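The chain contents come next:
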Amino acid sequence: MKVHEFQAKELLQKYGVPVPRGQVAESPEEVEAIARQLGRPVVVKAQIHAGGRGKAGGIRLASTPEEAREAAGQILGRRLVTHQTGPEGKLVRRLLVEEALQVQQELYVAVILDNAQAMPLIMVSDAGGIDIEEVAATSPERIHRLVVDPAIGFQPFMGRYLASKLGLRGETVKEAVQAMAGLYRLFVEKDCSLVEVNPWVITTDGRLLAADAKVNFDDNALFRHPDVAALRDPAEEDPLEVEAQSLGISNYVRLSGNIGCVVNGAGLAMATMDAIKMAGGEPANFLDIGTVNNVERVVNSFRILTSDERVKAILINIFGGMARVDVIAEGIVRAFKELEVRVPVVVRLAGTNLAEGERILSQSGLPIIRAGDLGEAAFKAVAAAQGERTPS
Amino acid sequence: MSILVDRNTRVLVQGITGREGSFQTRRCIEYGTKVVAGVTPGRGGEELDGVPIFDTVREAVANTGANCSLIFVPAPFAADAILEAAYAEIPLIVCITEGIPALDMVRVRRYLRDSGIRLIGPNCPGVITPGQARVGIMPGDVFTPGMVGVISRSGTLVYEAVAQLTALGIGQSTCVGVGGDPVIGTTPLDAMRLFAQDPDTKAVVFIGEIGGTFEQEVAEFIGKGLHKPVIAFVAGATAPPGRRMGHAGAIIVGEAGTAQAKKRALAQAGAVVVDSPAQIGLTTRRVLQERGII
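Keep in mind it's a predicted model, so treat the numbers as computed, not measured.

## Focus on the packing of aromatic side chains
- Across all of its chains, the model carries four aromatic pairs over all chains by this definition.
- Aromatic side chains Phe 302 of chain A and Phe 336 of chain A sit 6.3 Å apart centroid to centroid with 55 degrees between the ring planes, which places their arrangement in the tilted category. Placement of the pair is Phe 302 of chain A in helix H10 (residues 295-306) and Phe 336 of chain A in helix H11 (residues 325-338), with a sequence separation of 34 residues. Neither Phe 302 of chain A nor Phe 336 of chain A differs from the other in exposure class; each is buried.
- Its guanidinium or amino end placed over the ring of Phe 23 of chain B, Arg 324 of chain A lies 3.7 Å from that ring's centre, counting from NZ or CZ.

## With respect to the sheet that holds strand E7 (residues 118-120) of chain B
Residue and element names in this part refer to chain B.
- Across the sheet, which stays open at both edges, the seven strands sit in the order E3-E4-E2-E1-E5-E6-E7 with mixed pairing between neighbours. Strand pairing shows two members of the sheet lacking a second neighbour, strand E3 (47-48) and E7, which therefore form its edges.
- With five bridges connecting them, strand E1 (residues 10-14) and strand E2 (residues 34-39) associate as parallel partners. From the neighbouring strand, Leu 12 faces E2, where its bridge partner is Ala 37.

## Concerning the domain arrangement of chain B
Residue and element names in this part refer to chain B.
- Domain annotation for chain B reports domain 1 (10-120) and domain 2 (138-290).
- Computed over C-alpha atoms, the centres of domain 1 and domain 2 are 26 Å apart.
- Domain 1 puts nine residues into the contact, and the matching count from domain 2 is 11 residues.
- Summed over the three residues of domain 1 that lose the most area to domain 2, namely Arg 109, Arg 118 and Ile 120, the buried surface amounts to 49% of that side.
- For the pair domain 1 and domain 2, the interface holds zero salt bridges.
- For the pair domain 1 and domain 2, the number of links is three residue pairs in polar contact (both at pLDDT 80 or more).
- Secondary structure elements with two or more residues in the side of domain 1 that touches domain 2: helix H4 (102-112) and E7.
- Residue contributions to the side of domain 1 that touches domain 2 peak at four residues, all from H4.

## A closer look at the packing of helix H7 (residues 214-223) of chain B against helix H8 (residues 259-269) of chain B
Residue and element names in this part refer to chain B.
- Remark: H7 packs on H8, axes separated minimally by 8 Å, with the N-to-C direction vectors making an angle of 10 degrees. In terms of their interaxial angle, H7 and H8 are classed as roughly parallel. Together, Phe 214, Glu 215, Gln 216, Val 218, Ala 219, Ile 222 and Gly 223 of H7 and Ala 261, Lys 262, Ala 265, Leu 266 and Ala 269 of H8 make up the contact between the two elements.
- Each residue belonging to the contact of H7 with H8 can be placed in one class, and the counts come to eight nonpolar, two polar and two charged.

## Brief notes about the interface of chain A and chain B
- Between chain A and chain B, the residue contacts involve 51 residues of the former and 57 residues of the latter.
- Between chain A and chain B lies a buried interface of about 4200 Å² when both sides are counted; carbon and sulfur atoms form 61% of it.
- Linking chain A with chain B are six salt bridges.
- With a shortest N-O distance of 2.7 Å, Arg 224 of chain A and Asp 104 of chain B are connected by a salt bridge.

## Looking at the pairing of E2 of chain B
All names here are of chain B.
- With five of six residues buried, E2 lies mostly within the body of the structure.
- The pairing of E2 with strand E4 (residues 51-54) spans two bridges and is parallel. Residue Val 39 lies in a different strand from E4, and its bridge partner there is Phe 54.

## Here we look at the domain arrangement of chain A
Residues and elements named next belong to chain A.
- Partitioning chain A into domains gives domain 1 (1-20 + 102-235), domain 2 (21-100) and domain 3 (237-385).
- Here domain 1 and domain 2 have C-alpha centroids that lie 23 Å from each other.
- Taken together, the contacts link 15 residues of domain 1 with 15 residues of domain 2.
- Counting the surface lost from both domain 1 and domain 2, the interface buries some 1300 Å², and carbon and sulfur atoms represent 43% of this.
- At the surface where domain 1 touches domain 2, the tally comes to six salt bridges.
- Across the pair Glu 99 and Arg 207 runs a salt bridge whose closest N-O atoms are separated by 3.2 Å.
- For the pair domain 1 and domain 2, the interface holds 10 residue pairs in polar contact (both at pLDDT 80 or more).

## Details of the side chain of Ser 276 of chain B
- As for its position among the elements, Ser 276 of chain B is in the loop between strand E14 (272-273) and helix H9 (280-290).
- Ser 276 of chain B has contacts with Met 278 of chain A together with Phe 233 of chain B, leaving out every residue within four places of it along the chain.

Procedures and definitions
- Residues numbered from 1 in each chain as written.
- Chains lettered and ligands numbered in written order.
- Predicted model: local features only at pLDDT ≥ 70, side-chain atom pairs only at ≥ 80, totals over all residues.
- Heavy atoms only, no water.
- Phe/Tyr/Trp six-rings, centres within 6.5 Å; stacked < 30°, edge-to-face > 60°.
- Helix = DSSP H or I, 4+ residues; strand = E, 2+ residues; numbered from the N terminus.
- Buried < 20%, exposed > 50% of the residue type's maximum accessible area, 1.4 Å probe, protein only.
- Lys NZ or Arg CZ within 6 Å of the ring centre and 35° of its normal.
- Pairing = 2+ DSSP bridges.
- Domains from an automatic or database assignment.
- Contact = heavy atoms within 4.5 Å.
- Buried area = accessible area lost by both parts, 1.4 Å probe.
- Salt bridge = Lys/Arg side-chain N within 4 Å of Asp/Glu carboxyl O.
- Polar contact = N/O pair within 3.5 Å; in protein donor to acceptor, adjacent residues only side chain to side chain.
- Axes fitted to C-alpha atoms, helices over the stretch in contact; angles between N-to-C directions.
- Parallel < 35°, antiparallel > 145°, perpendicular 65-115°, else oblique.
- Nonpolar A, V, L, I, M, F, W, Y, C, P; charged D, E, K, R; others polar.

So this is what it looks like as structure tokens:
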């Protein structure tokens, strides 16, 4: 799960990581008031769940409260298009107004999970302010990493080691170690999947501040962090994805093609998308129906796909293991009864309780296009989406 | 003739009285798996189809000599269940549970590191040695005994690949679903090492997916001189970056996590890379014929 920059910074502050002074606002008037209160030049920053805001005009410098108000008027209510938002962009509903920093140096620090070693990893760089992927590609020697053994957790020496790699001196070393300790504690206590500060700024007056922050959370751990779950902003998500969530379908990602997919298992769902692409089509979504044997969930999957106007054909691909094929078949029949299914539906079933599932579909008499294997299913779905008929 | 499990494996099921736990236990027994015990706290002394149930893993091991635990415990309690099995020194633990917090698994992995205990999963379909033992949730009738090992991060893709192999008369030595989470007990590389040493596995089908660098690890191992053919498919070529595709581990972060980068690494190391998931079986047959294995 992602949160906004201002929410990430509130968390950082709670964990003793200094951030610039500032406040979040929803109107130009509020922005002006905050700027006046700060009493110095400010930055006005669009709050959306995407990077690349600066280049897209979503971050503006203002030297007076009036300028801040004017900038806010131009950004608020606009759809910001960055390299991470897709062509439709994201609507700006809130702004973060902060003191503008006099930058002496820009650094980078992040805590992530190192999958290969299965341990948290702290990563720093003296090349802050740029995408870390870019640093990794162009000057990897400027990135320094240290794995934190969960048996002992973060220790001050680890922070001192990384601070020395950054070439920090004097009081800044102590501040950096303290900040890293806070970031690590946040990562572990709130089950984060990423805590990233970029840039991590040393100001001309010697303060070390998190000028921008990104915190992502492990969805699997939200059950034990109701405070974190409450930070979710459904307005930042695709409305169909939000509806899918509310219907108990958590593994749905909307894409741009026209073949809706319902598959069990994430790997098979991805492979089904790949097979569609190989057959010359484009998937409209990723949807892993999961292993819960629940007729209602099949119906709800249909509900989501049939309400997506881009979907021109639906492909059901189920290989039952824990999921039982007969339950899925029952769900398909119910979906046809309860919903208006106007697009062709291609069904491929295999695995647990297949015979019973086959019987249910055959007896239903529904106009379902049957496929025996994955390749055939993808081929028929692509043809159906293009309005061609294939023998079922 | 196999890796990890065979007809002598004595299986204990943690969470045996749950809905999936009991359903799958019955399927394991039907398949011929030796299920010797179950554990559900507070229900010791009961039975499930003749399988004795105990309150704790320690008790179950002491009474039945179980040497493998199959876990169906819900996600919030699953890490605790794995550690209970490890504390009782069960050498092989297979955890099916999906949705365990990553940092729980970090602690589990750290504890298991020097213990000699092997964990398969979590978020996996388990392990099956066709004709001998099914320790997991796979549809047993798709599998057939033979000489191709299968490793997969995805459960349903194991079934998909194996169904294609079986339909062509190509049997499997053992199939390992290593799991779709970022932190797993046995990585594809670990499983590949086991197959490399198994004299009865003549070739390996490896099914990877986007996210992480497990595929690159396997590629490096193949490149160092694995003398068995590897047929590889990487799911998620069409997945957009930055979006989690169901599996917690299936998210593209950076170039290395893309299907393209993984396929390239595997192909360069000498694996035969399949672009379409519908071609896994046919490609495997072709490779086996070319190498004179069948």
